[in-house]
Amino acid sequence: MYNVSPISLPVVTGKAKVKMSGNLLKNPNGDEDFEHWELTENGGDEWRTEEMSVNTFYDESVTKYFCTSFQQCLKRQVIDLLAEGFDPENLDFVQPGITVEDWYTCRTDCGCIYKLTVTLLNENQEVLADFQPDDVTLDPDTDDCSWKKVTHTFTDYGPGLRFISFEHGGQDTKYWKGWYGVRLTGSSVTIDL
């Protein structure tokens, strides 16, 4: 007969500190045109993707971006966290930090408007928390037209998180035919778990 000592399991207190690798957004730079994106508004001459003629983006491996037209263009991706392999009990108990990041810029000859809305949703796709900064208007006469980053981390949003909706876009400010609106690339959603 063996004498077995009870196993002592660690007790989880507070937030987890390990960051899971990987961007949960698919096709964040337009490499696959609009694969994985729902075009929720497609005004003017509609969305399109373009190659960077001169790569001024901080990550030289990014060679494409999404661009908008003279009327509002918005696109969305909804991330199903259970389908991505996250455990619902872990999401409810730990409520890991969720960091969103987006990059945008304007052309040197036309201003633009940039919009972003990120929403945390429960299983019925009801809102638990959202991040919707004020619309940003860029003017090439007063802005340097460099890529600008917006970032936000959700914490303490309560139990029930099952989906993340990421929607962004905009338009140009001069209503020029073509694709003179905001440029978008490098979008990401990551979860600290």
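For the structure, see preceding data.
Residues numbered from 1 in each chain as written. Predicted model: local features only at pLDDT ≥ 70, side-chain atom pairs only at ≥ 80, totals over all residues. Heavy atoms only, no water.

Trainee: So what's going on with the side chain of Ser165? Which residues, and what values?
Mentor: Secondary-structure assignment places Ser165 in strand E10 (residues 163–172). Since its relative accessible area comes to 9%, Ser165 is described here as buried. In contact with Ser165, not counting residues within four places along its chain, are Arg76, Gln77, Val78, Thr117, Val118, Thr119 and Leu121. (Helix = DSSP H or I, 4+ residues; strand = E, 2+ residues; numbered from the N terminus. Buried < 20%, exposed > 50% of the residue type's maximum accessible area, 1.4 Å probe, protein only. Contact = heavy atoms within 4.5 Å.)

Trainee: Give me the pattern of salt bridges: which residues, what numbers.
Mentor: What the rule picks out here adds up to 11 salt bridges. A salt bridge links Glu84 to Lys26; the shortest N-O distance between them is 2.7 Å. Here Glu84 is found in the loop between strand E4 (73–80) and helix H1 (88–94), whereas its partner Lys26 is found in the segment before strand E1 (38–42), with 58 residues between them in sequence. Relative accessible area serves as the criterion here: at 35%, Glu84 is assigned to the partly exposed category. (Salt bridge = Lys/Arg side-chain N within 4 Å of Asp/Glu carboxyl O.)

Trainee: Give me the sheet that holds strand E2 (residues 48–51): which residues, what numbers.
Mentor: Ordered by their spatial adjacency, 5 strands build an open sheet running E2-E3-E11-E5-E9, and the pairing between neighbours is antiparallel. Two strands lie at the open edges of the sheet, namely E2 and strand E9 (148–154), each paired on one side alone. Pairwise comparison of adjacent strand axes, ignoring direction, gives a mean angle of 35° for this sheet. Where strand E5 (residues 98–105) lies against E9, 7 bridges are found, and the strand directions are antiparallel. Paired with Trp103 across the strands is Lys149, a residue of E9. (Pairing = 2+ DSSP bridges. Axes fitted to C-alpha atoms, helices over the stretch in contact; angles between N-to-C directions.)

Trainee: Please provide a residue-by-residue account of the nonpolar core, values included.
Mentor: If you look at the biggest cluster of nonpolar residues, it comprises 35 residues, and the most contacted ones within it are Leu81, Ile98, Leu120, Phe154, Ile164, Val189 and Ile191. Put simply, the parts of the chain that give this core at least two residues each are E4, H1, E5, strand E6 (112–121), strand E7 (127–131), E9, E10 and strand E11 (183–191). Among the elements that take part in this core, E6 stands out by supplying 5 residues, more than any other. Not counting residues up to four positions away in its chain, the partners in contact with Ile164 are Gln77, Val78, Ile79, Leu81, Ile98, Val118, Thr119, Leu120, Val189 and Ile191. (Core = buried A, V, L, I, M, F, W, Y, C linked by side-chain atoms within 4.5 Å.)

Trainee: Can you break down the packing of aromatic side chains residue by residue, with the values?
Mentor: This model, assessed by the stated rule, comprises 12 aromatic pairs. Their ring planes at 75° and their centres at 5.9 Å tell us that Trp37 and Phe66 sit as a pair that is edge-to-face. Taken together, the positions of Trp37 in the segment before E1 and Phe66 in strand E3 (residues 64–67) put the pair 29 residues apart, joining distant regions of the chain. The pair Trp37 / Phe66 is uniform in exposure class, with both members buried. Geometrically, the ring pair formed by Phe57 and Trp147 is edge-to-face, given 5.3 Å between the ring centres and 80° between the ring planes. Here Phe57 is found in the loop between E2 and E3, whereas its partner Trp147 is found in the loop between strand E8 (136–138) and E9, with 90 residues between them in sequence. (Phe/Tyr/Trp six-rings, centres within 6.5 Å; stacked < 30°, edge-to-face > 60°.)

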